[in-house]
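# Close look at the chain arrangement
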Amino acid sequence: MDKMKDRTADVWTEIQTVIVGNRVTVFWGKPEEWIPGCRFQVYVDGVLQQTVVKTHAGFTVPETQRQCHVKVKMVGMEAADPAGVNPAEVNLAEADPAVLWELPGKDIQLEAGRRRVDITREPYLAKGDGKTLNTRAIQKAIDECGPKDMVYIPPGVFMTGALRLHSNMMLYIEKDATLQGTDIPKDYLPRIRSRFEGTEMECYSSLLNLGELDRDGGYNCRNVVICGGGTIASGGRELARRVIESERERLKDYLTELGDGVRAYENSDTIPGRVRPRLIHMSNCRNVVLSGLTLKNGASWNVQMIYSDAVVTNACQFHSEGVWNGDGWDPDSSTNCTVFDCNFYTGDDSVAIKSGKNPEGNRINRPSRHIHIFDCRSACGHGIAIGSEISGGIEDVCIWDCDLSGSRYGIEIKATKKRGGYVREVHVRDCVIPRLMIHSVDYNDDGAGSEVPPVFENYSFERIHIQGRYMDGGEGWRNCNAMELCGFDEPGYELKQIVFREITLGNEEGGKEGIVMRYCKGVVFEDIGAVMKEPLQKN
């Protein structure tokens, strides 16, 4: 356990950026040295720009300026808020000496202004009346968008079917603009190679499609920015219903032959529902940014990235209330993916990290690694899930500063015993969750099993408030055990090497402090407390 205690969770060694025009967002990992009361000072060109609590900040650079230098320091509370000092007047050379941590400075190069390709202008003439189908017009604008251009969606509701983006482009959706997918299945043809619930298959095209699926190939779509203050929406429940009914008819002979075998699936819609389109679908992509958008009502998952790398999503709102499998943001056998400063109102998981399903996922063996989730909020839905499709392995997941109190499950690490694969190195800090669940599940358990169970090991949870109650949709709050920690009932495959530090259990308005443990090994609890629900009576 000493080795685990000394481990430093993956913290980036340099400042990361999202740049849209002259607006810059910087973000960074939360250092191990952070303690309550610390603040981060963000300096731009030597001047203190702002002091923040979270690990990201945004600022605007004058349009005439093409570069700037940024530095981030962590300071104690007194240094962060010097009384009577105007932050704009604080020079880097005069910084407070009580610096606890800092990152190397970063030179940021801003791009020159892009040429606007307005879809409502000649020769495209798209109509934002909420009625006209604009697929051809918008696709033509996308096809003609060069590296120094941006496809511009002005205010209005622009109906469309599936669209296909390409490398080195920007799609800008203006505030009060909606790119609205139809609820007609034929508008999402042809089908494309995809992966759903861990198995590669042909699915309907999604509303926005980036890259082509190639499990053995490299990245074939790079450097795409989708941004603005507008909305990307699809046909939601109605589109899903129509796709499922059409697919059920197409597969009727197979479903009849399957007979009682359908019981191995979640429900009778599972098999025909696997071909539903997503809202945004990325395959073999690298360097993709989704920023400042409202993303809503995919017919299943909203954002999925498969075999992709370096996908950053920030300042987005996810809505899929009432949509079955309405996940928000799903990295699938992908690496170096980051989501932060987002709000989730989802019909299923806010975030679901995946890496394939047995037996195919075991053979492909492409893990999800280096996933960062911070300063996100789940107002409803299921919270953050790791699994259950983990056959390719999941490793190095860092979560911090998230409020999942409105979700059903909080943080859930899950797999079936047949999955194989592993989930290692999950590190969570400074979050509020309804409950923590690490366990085996029995749904979607079809497919030949791995020779060995999954491995769950090396996790840490620090400064977590676990409420012991969850919001059950329209039924209100329900009490539940704060933690369910369950490994597998086979020697060597117990839930292993977990550290809990500074954990608060329960809630002032209710909740349970129960901890259920089965098949666990090497679990350490340090400084565990409970919320007092009512004053103690004096004798």
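Within the protein one finds seven helices and 44 strands. The C-alpha atoms of the protein give a radius of gyration of 24 Å, which matches the 24 Å a tight globule of 539 residues would have. Dimensions of the protein along its principal axes, counting C-alpha atoms only, are 70 × 65 × 45 Å. With 539 residues in all, the protein has 56% of them scored as buried. A sequence separation of at least 24 residues applies to 76% of the contacts in the protein between residues at least 6 apart. Only carbon and sulfur atoms are counted for the fraction: they give 46% of the accessible area of the protein, which is about 22,100 Å².

Turning next to helix α4 (residues 236-250). An ideal rise of 1.5 Å per residue puts 21 Å on 15 residues; α4 measures up with 21 Å between its terminal C-alpha atoms. Those residues of α4 lying buried are G236, L239, A240, V243, I244 and E247. Along α4, the residues classed as buried sweep out an arc of 130 degrees about the axis, all on the same side. Those residues of α4 that are buried are in contact with α6 (270-273).

The next thing to look at is the sheet that holds strand β5 (residues 56-60). Read from one edge of the open sheet, three strands run β1-β2-β5, paired in antiparallel fashion. The open sheet has two edge strands with one neighbour each: β1 (16-20) and β5. Geometrically, the sheet is characterised by an average inter-axis angle of 20 degrees between neighbouring strands, direction not taken into account. The pairing of strand β2 (residues 23-27) with β5 spans five bridges and is antiparallel. Directly across from T25, in β5, lies its bridge partner G58.

Quick look at the environment of R429 now. Tracing the backbone through its elements, the reader meets R429 in strand β36 (residues 422-433). R429 sits 117 residues away from V312 along the chain, and the two C-alpha atoms are 20 Å apart. Side-chain polar atoms of R429 contact the backbone oxygen of K30, separated by 2.5 Å.

Here we take up the confidence of the model for the protein. When pLDDT is averaged along the protein, the result is 92, and 93% of the positions lie at 70 or above. Low pLDDT, under 50, characterises residues 1-10; the stretch is placed with 23 contacts to residues that sit more than four places away or in other chains. Across residues 80-95, where pLDDT falls below 50, the model places 20 contacts with residues more than four positions away in sequence or in other chains.

Okay, the state of the cysteines next. Scanning the model with the defined rule gives zero disulfides in all. Left unpaired, C431 is separated from the closest cysteine sulfur, that of C402, by 4.8 Å.

Our next topic: the sheet that holds strand β26 (residues 317-319). Strand-to-strand pairing in sheets goes through backbone hydrogen bonds, with the strands running parallel or antiparallel. In spatial order, the strands read β10-β12-β15-β20-β23-β26-β29-β32; together these eight strands make up an open sheet with parallel pairing. Only two strands of the sheet have a single partner each, and these edge strands are β10 (129-133) and β32 (377-380). Averaged over all adjacent pairs, the angle separating strand axes in this sheet is 15 degrees, with direction ignored. Sheet topology places β26 next to strand β29 (residues 343-345); three bridges connect them, and they run parallel. Looking at β29, one finds that H319 is bridged to Y345. Packing of helix α3 (residues 135-143) onto the sheet brings it into contact with β10, β12 (156-160) and β15 (177-181), and relative to β12 it is tilted by some 95 degrees.

We now examine the packing of aromatic side chains. Aromatic rings in a pair are described by how distant their centres are and how their planes are angled relative to each other. Taken as a whole, this structure holds 12 aromatic pairs when the rule is applied. Ring centres of F374 and W400 lie 4.6 Å apart, and the angle between their planes is 0 degrees; this geometry places the pair in the stacked category. Separated by 26 residues along the polypeptide, F374 in strand β31 (residues 368-374) and W400 in strand β34 (residues 394-400) bring together distant segments of the chain. Residue class for F374 comes out buried when judged on its relative accessible area of 0%. Relative accessible area serves as the criterion here: at 2%, W400 is assigned to the buried category. An aromatic cluster of three or more residues is present, and its members are F27, F340, F374 and W400. Over the face of the ring belonging to Y470 we find R435, whose NZ or CZ atom lies 4.3 Å from the ring centre. The ring of W477 carries R469 above its face, with NZ or CZ at 4.0 Å from the centroid.

Here is what the cut-offs are and how they apply
- Residues numbered from 1 in each chain as written.
- Predicted model: local features only at pLDDT ≥ 70, side-chain atom pairs only at ≥ 80, totals over all residues.
- Heavy atoms only, no water.
- Helix = DSSP H or I, 4+ residues; strand = E, 2+ residues; numbered from the N terminus.
- Rg over C-alpha atoms; globule rule 2.2 N^0.38 Å.
- Buried < 20%, exposed > 50% of the residue type's maximum accessible area, 1.4 Å probe, protein only.
- Contact = heavy atoms within 4.5 Å.
- Areas by Shrake-Rupley, 256 points an atom, 1.4 Å probe, with all protein chains shown as cover.
- Expected span 1.5 Å × (residues − 1).
- Arc of directions from axis to C-beta.
- Pairing = 2+ DSSP bridges.
- Axes fitted to C-alpha atoms, helices over the stretch in contact; angles between N-to-C directions.
- Polar contact = N/O pair within 3.5 Å; in protein donor to acceptor, adjacent residues only side chain to side chain.
- pLDDT = per-residue confidence, 0-100.
- Disulfide = S-S within 2.5 Å.
- Phe/Tyr/Trp six-rings, centres within 6.5 Å; stacked < 30°, edge-to-face > 60°.
- Lys NZ or Arg CZ within 6 Å of the ring centre and 35° of its normal.

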